[in-house]
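Read off the chains here:
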Amino acid sequence: MDVSSQALSSIKIRVVLIGGMKVGKTSMAYRFVEEKFDPDQVATIGVDYLWKILKIGSTEVEYEIWDTAGQEKYRCVAVSYIRGSQAIVAVYDLSDPDTVQEMIDMVNSVTDKLGHDIPLYVVGNKSDLSCNVPEGIADFCSLNDAMSFVTSAKTGEGIRELFYTIGKNEKSRKAAETKVESRTVDIKKKADGKDCAC
């Protein structure tokens, strides 16, 4: 087995969900992990953790999902979980326009501290209540090099697609990283005079 295929037999991804209160972050996470919806889901206090393994091609992708509370007093906690993560999922409520600016402010706060290196996924949740993506989301996503999704934790619409895309993108990134490392090793061998026919 070559280095790249061995490295990609399994990968871990830390995904951090951010967004205001009652936008459905916890319901989205449980819909993906448990494949069910609880209409009486209680609000997260601090941070909640879930995990799931999903097969993408020949790779086992282990998702570590950190669901952060939407209350303002807990928002500084989110940054510590986002640092070192592989994906930020920023959620707003399609049926509540006020949550859009709240989501944008949270993303800006994170990127001010950590930069733009962590892939960003902007999600309009509760498509069962409204399917109208607000004006400005496309521009915000373009500005932040983010992908936009529409989901419903209640019906399951778009949830698997969102997490599958996150996994697929991280798998591709790690594969590219592995190829670069492999080439670096080959160059060093030749520099040392090994494997050289001269």
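Structural data are supplied above this passage.
Residues numbered from 1 in each chain as written. Predicted model: local features only at pLDDT ≥ 70, side-chain atom pairs only at ≥ 80, totals over all residues. Heavy atoms only, no water.

Sorry, what's going on with the pairing of strand β1 (residues 10-19) here?
Put simply, side chains in a regular strand alternate between the two faces of the sheet. Burial runs high along β1: seven of the ten residues are buried. In terms of strand pairing, β1 meets strand β4 (residues 87-93) through five bridges, oriented parallel. When the bridges of β4 are listed, G19 appears paired with V91. (Buried < 20%, exposed > 50% of the residue type's maximum accessible area, 1.4 Å probe, protein only. Helix = DSSP H or I, 4+ residues; strand = E, 2+ residues; numbered from the N terminus. Pairing = 2+ DSSP bridges.)

Is there a simple way to explain the packing of aromatic side chains in this structure?
In this description, a pair of aromatic rings is defined by centroid distance and the angle of the planes. In the structure shown here, the tally under the stated rule is six aromatic pairs. For the pair F32 and Y63, a centre-to-centre distance of 5.2 Å together with 75° between the ring planes defines the contact as edge-to-face. Of this pair, F32 sits in helix α2 (residues 25-34) while Y63 is found in strand β3 (residues 59-68), placing the two residues 31 residues apart along the sequence. Judged by centre distance (6.1 Å) and plane angle (85°), the ring pair of Y63 and F163 falls under edge-to-face. With a gap of 100 residues between them, Y63 in strand β3 and F163 in helix α6 (residues 159-191) connect regions that are remote in the sequence. (Phe/Tyr/Trp six-rings, centres within 6.5 Å; stacked < 30°, edge-to-face > 60°.)

Would you explain the pattern of salt bridges in this entry?
Note on pairing: side chains with opposite charge can pair once their charged atoms come close. A complete count under the given rule lists five salt bridges for this structure. Ionic pairing is found between K52 and E35, a salt bridge with its closest N-O pair at 3.3 Å. In this pair, K52 is assigned in strand β2 (residues 47-56) and E35 in the loop between α2 and β2, connecting sequence segments 17 residues apart. Looking at E35, the relative accessible area reads 56%, which means it is exposed. Because the salt bridges share partners, they merge into one network encompassing E170, R173, K174 and E177. (Salt bridge = Lys/Arg side-chain N within 4 Å of Asp/Glu carboxyl O.)

Hey, could you run me through a nonpolar patch on the surface in this one?
On the surface, Y49, W51 and I53 cluster together into a nonpolar patch covering about 310 Å² of accessible area. In this fold, Y49 is placed in strand β2. Looking at Y49, the relative accessible area reads 35%, which means it is partly exposed. (Patch = residues over 30% accessible without salt bridge, like charges linked within 9 Å, V, L, I, M, F, W, Y side chains within 5 Å. Areas by Shrake-Rupley, 256 points an atom, 1.4 Å probe, with all protein chains shown as cover.)

I would appreciate a short explanation of helix α4 (residues 98-114) in the present structure.
For the α-helix, the turn length of 3.6 residues means that residues three or four positions removed from each other point alike. Here α4 spans 25 Å end to end across 17 residues, near enough to the 24 Å set by a 1.5 Å rise per residue. If you check which residues of α4 are buried, you get T99, V100, M103, I104, M106, V107, V110, T111 and L114. For α4, the angular spread of buried residues about the axis comes to 165°, placing them on one side. Exposed residues lying more than 90 degrees from the buried face of α4 are D98, D112 and K113. G115 sits one or two residues past α4 and shows a positive phi near 80°. (Expected span 1.5 Å × (residues − 1). Arc of directions from axis to C-beta.)

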